[in-house]
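Each chain is listed here by its residues.
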Amino acid sequence: MLRVIVRSLCTRCQALPHPSLLSRPCSSSGPLENTETVDALYDLSVDIQKIRQLKGWVLQQSPAYVSQTAQLLRDLGAKGPVIARVLELFPEAVLCSPDEMLAQRELWSSLCPNPKDLVGIIEKFPASFFTSSCHHSNQRENIVFFRSLQLNRRVVAKLMASAPQSFSRPVQHNQVMVKTLQEAYLELGGEEANMKVWLQKLLSQNPFVLLKPPEVLRENLLFLSARGFSAAQLLRLLSKLRGFVTELNPHGMRLSLAYSQDKLACSDADLQDIVLRCPALLYFPEAVLEERIQGLLGAGVSLAQIIQTPSVLELTPQIVSYRFQRLRARGYNVGTGSLEVLNGTKKDFEASYSKLQLRRDRPLFNPVAPLAGDD
């Protein structure tokens, strides 16, 4: 009887999975994975299941350089959690050869001498750092070009991180677009002495402007000029739109302007003034404008208030509704008060809200308190 019990227990133990198999999740189906890659990533506390779901093909590649990638990041000062996040966000990094990684480190160090700053960039934009060596010469030439424009290292690093495509292509493309921007700035009345600061700010706020065809900028400026905008007004728009003018097109602008003018019942001159204060009217489609205007009107706001503060149209209906609720709770009448208090970021609104001094009606006297009199 004892032998039967022992034999039964042994059979059950053999049927149970080994603890080491439970500790490392494995692929249930599909092509075979590179077990060395999987094990190395697991040892770095990387979420392997997440990689399998989004970029499982990376785990099938060979060779892979997981330990070398992790060591490069450690040498820059990155801690374990940061390394894991980078590899989860961009597992393709492990496919870069050590030579490619070292070349990129040298290149980026010319813009970010501080390793801590470079780790911050890699954490946010790993795809921009772990790139193919075939783009290395283009990157170097583009860095030289943008530095020749007297743009500081931090701005150039931000450009290469957030819009890596513009640095991977031949430098001539960027030279043409930058020249077009500079010529437009000067033709519209911009001062040569201020052009570097203007260009640096525009590229910092919208680096993707470099990827647009120069002809689009010219076409849009000509359309707006034909609509009556002066050179000075166009320069203001070009600066306020932060390069988004290259993402517009005459057909879309024509429809948005026509809808806005009809809905707000304003003249051409008034419409120009409204657009200068709220450039979003140029790129919001009719459906978006309809939703936002109707939302404001439904909340008790008048057309006159919208015309007076058109920048409120840049806020989504959800944000407007939330801010209206906060203001009403303090007794603010959105139907008669200024809409300026609604504008800005969350931080701006909170600052305005905290400074808001509301008039509160008080009784002329307290009927319970005794009146002062002669003793």
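Preceding this section is the structure that the text describes.
Residues numbered from 1 in each chain as written. Predicted model: local features only at pLDDT ≥ 70, side-chain atom pairs only at ≥ 80, totals over all residues. Heavy atoms only, no water.

Describing the overall build of the chain
The helix and strand tally for the chain stands at 22 helices and zero strands. Taken over 375 residues, the chain has a buried fraction of 41%. Taking contacts inside the chain between residues at least 6 apart in sequence as the whole, the part at least 24 apart equals 73%. Here the chain has roughly 21300 Å² of accessible surface; of this, 55% comes from carbon and sulfur atoms. (Helix = DSSP H or I, 4+ residues; strand = E, 2+ residues; numbered from the N terminus. Buried < 20%, exposed > 50% of the residue type's maximum accessible area, 1.4 Å probe, protein only. Contact = heavy atoms within 4.5 Å. Areas by Shrake-Rupley, 256 points an atom, 1.4 Å probe, with all protein chains shown as cover.)

Some remarks on the packing of aromatic side chains
Overall, the coordinates contain eight aromatic pairs when judged by the stated rule. Grouped by ring-pair contacts, the aromatic residues Trp108, Phe129 and Phe130 constitute a single cluster. Geometry around Tyr353 places Arg326 over its ring, the cationic atom sitting 4.3 Å from the centre. Of note, Arg330 hangs over the ring of Tyr353, and the distance from its end group to the ring centre comes to 5.0 Å. (Phe/Tyr/Trp six-rings, centres within 6.5 Å; stacked < 30°, edge-to-face > 60°. Lys NZ or Arg CZ within 6 Å of the ring centre and 35° of its normal.)

What to know about the nonpolar core
Counting residues in each nonpolar core, the largest one holds 105 residues, and the members touching the most others are Leu41, Phe130, Phe146, Leu203, Leu282 and Leu327. In contact with Leu41, not counting residues within four places along its chain, are Val46, Ile48, Ile51, Leu59, Val66, Leu87 and Val94. (Core = buried A, V, L, I, M, F, W, Y, C linked by side-chain atoms within 4.5 Å.)

Side note on helix α16 (residues 231–240)
For α16, the set of buried residues is Leu234, Leu235, Leu237 and Leu238. Buried residues along α16 cover an arc of 160 degrees about the axis, so they all sit on one side. Residues of α16 that are buried sit in contact with α13 (171–187), α14 (195–205), α15 (214–226) and α18 (268–277). (Arc of directions from axis to C-beta.)

Overview of the environment of Leu89
Mapped onto the fold, Leu89 is located in helix α6 (residues 80–89). Judged by relative accessible area, which is 48%, Leu89 ranks as partly exposed. With 38 residues separating them in the primary sequence, Leu89 and Ala127 have C-alpha atoms 8.9 Å apart. Each residue touching Leu89, except ones within four places of it in the same chain, is listed here: Lys55, Glu123, Lys124 and Pro126.

A word on the packing of helix α17 (residues 250–264) against α18
Interhelical geometry of α17 versus α18 gives an angle of 115 degrees and a closest axis separation of 10 Å. Relative to α18, the element α17 lies roughly perpendicular. The handedness of the crossing between α17 and α18 is right-handed. Contacts between α17 and α18 involve Leu257, Ser260, Gln261 and Leu264 from the former and Asp268, Leu271, Ile274 and Val275 from the latter. Taken together, the residues that form the contact of α17 with α18 break down as five nonpolar, two polar and one charged. (Axes fitted to C-alpha atoms, helices over the stretch in contact; angles between N-to-C directions. Parallel < 35°, antiparallel > 145°, perpendicular 65-115°, else oblique. Left-handed = near helix turned anticlockwise from the far one by under 90°. Nonpolar A, V, L, I, M, F, W, Y, C, P; charged D, E, K, R; others polar.)

Everything listed here is a matter of geometry and, on its own, says nothing about what the molecule does.
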